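Per-entry structural report
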Amino acid sequence: MVTRRKFLQHGVLVTSGLAAGNLLLDAFTPVTSHAAQVDPNDPGLVSSEIKYPSTDETAISAYLTRPKGNEAPPAVLVIHEWDGIKEHIRDVARRLAKAGYVALAPDLLSRYGGTSSFSTQEAAIAAGRKLDDEMITKDLTGGINYLKGQSFVRANRIGVIGFCWGGGKALLFTTRSKDLSASVIYYGSNPSNLEDVKNISAPVLGQYGGADERITSGVPKLAEAMKKYGKSFEYKIYPGAPHGFNSDTSQEDAAKKAWDRTLEFFKKHLQS
């Protein structure tokens, strides 16, 4: 039996080469393949859809979730894959909230009407391609500013986490923001200019799949640049895990180990 993924892989490799094939395959990485781990109506959380202003005043939609109570815990920005914010990312945010964090997941397609305005995944991806690094930096900085202005946030302890396209954008943002205390990258691409890592001020954790050659092959160069500039960078490559393993039910072991490592990392750098 030829699966849809294998069919796509064969077709794009024949017509467009390996790089284009991998890029298209990223678009079909399943991100909603299993049920939520945390109930959207979990009674221990306060969760809602909000809007906040980007630094150029563009209205950015976002999902906000946090533990109930009067304490002010650290916060984490959660950056979605390149086809927009989905229920899986909201669930990731709630998982962080259950672990004791305020989690803000911006819809970075807000400038083009928001993820829900697109009828197909392909249309959402096309909109995401219109976003340049400056737009993304403005919109994520606006998210940081929003969090810092909330009484329920420990404003000097904010982290970022991103997946796939969002992993690359999380790393990009880490090279541009001095407000971050921790950064976790799930199978995100390197910055276009590795010299930009010299601007990083937060410790970085990378989570990569051993079978995700297009992304993982670039990790040694990233590690070399981090070492060159004396940056705190640790990473783990999970043998056999593909791109998108965090939301792939066939890779539950890698996903669990990576999540446990993520929580340990955030605890170390955000709760101290």
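For the structure given in this document, a descriptive report is provided here.

**Here's the deal with the sheet that holds strand E2 (residues 59-67)**
Read across the open sheet, the eight strands follow the order E1-E2-E4-E3-E5-E6-E7-E8; overall the sheet is mixed. The sheet is open, and its two edges are formed by strand E1 (45-53) and strand E8 (233-238), each paired on a single side. Ignoring strand direction, the axes of neighbouring strands in this sheet form an average angle of 20°. With nine bridges connecting them, E1 and E2 associate as antiparallel partners. Its bridge partner lying in E2, Ser47 is registered against Thr65. In the packing of helix H2 (residues 87-98) onto the sheet, contacts are made with E1, E2, strand E3 (75-79), strand E4 (102-106) and strand E5 (158-163), and the angle to E2 comes to roughly 40°.

**Quick look at unusual backbone geometry**
Phi is mostly negative for residues that are not glycine, and the peptide bonds are mostly trans. Of note, the phi angle at Glu57 is positive, near 75°, even though the residue is not glycine. In this fold, Glu57 is placed in the loop between E1 and E2. Assessed through its relative accessible area of 61%, Glu57 is described here as exposed. A positive phi angle is found at Tyr187, which is not glycine, with a value near 40°. Locating Tyr187 in the fold gives a position in the loop between strand E6 (182-186) and strand E7 (204-209). Classification of Tyr187 as buried rests on a relative accessible area of 1%.

**Brief notes about the nonpolar core**
In terms of nonpolar packing, the biggest core is built from 44 residues, with Leu77, Leu104, Leu147 and Met226 touching the most fellow members. Beyond its immediate chain neighbours, meaning those up to four positions away, Met226 contacts Leu171, Val197, Ile200, Val204, Lys231 and Phe233.

**What to know about the pairing of E2**
The hairpin turn running from E1 into E2, its antiparallel successor, is five residues long, and Glu57 in that turn takes a positive phi close to 75°. As paired elements, E2 and E4 share four bridges and run antiparallel to each other. Its bridge partner lying in E4, Thr65 is registered against Ala103.

**Structural notes on the side chain of Asp212**
As for its position among the elements, Asp212 is in the loop between E7 and helix H6 (213-216). Buried and unpaired, Asp212 has Arg214 as its nearest opposite-charge partner, separated by 5.4 Å. Beyond its immediate stretch of four places on either side in the chain, Asp212 contacts Tyr187, Ala241, Pro242 and His243.

**Some words on the pattern of salt bridges**
Any two side chains of opposite charge can pair, so long as their charged atoms come close to each other. Summed over all chains, the structure comprises 13 salt bridges. The salt bridge involving Lys256 is made with Asp260; its shortest N-O contact spans 3.0 Å. Placement of both Lys256 and Asp260 in helix H8 (residues 252-270) is noted, with a separation of four residues, approximately one turn of the helix. In the salt-bridge network here, residues are joined through shared partners; they are Glu49, Glu87 and Arg90.

Parameters and conventions
Residues numbered from 1 in each chain as written. Predicted model: local features only at pLDDT ≥ 70, side-chain atom pairs only at ≥ 80, totals over all residues. Heavy atoms only, no water. Pairing = 2+ DSSP bridges. Helix = DSSP H or I, 4+ residues; strand = E, 2+ residues; numbered from the N terminus. Axes fitted to C-alpha atoms, helices over the stretch in contact; angles between N-to-C directions. Contact = heavy atoms within 4.5 Å. Buried < 20%, exposed > 50% of the residue type's maximum accessible area, 1.4 Å probe, protein only. Core = buried A, V, L, I, M, F, W, Y, C linked by side-chain atoms within 4.5 Å. Lys, Arg positive; Asp, Glu negative; His and termini not counted. Salt bridge = Lys/Arg side-chain N within 4 Å of Asp/Glu carboxyl O.

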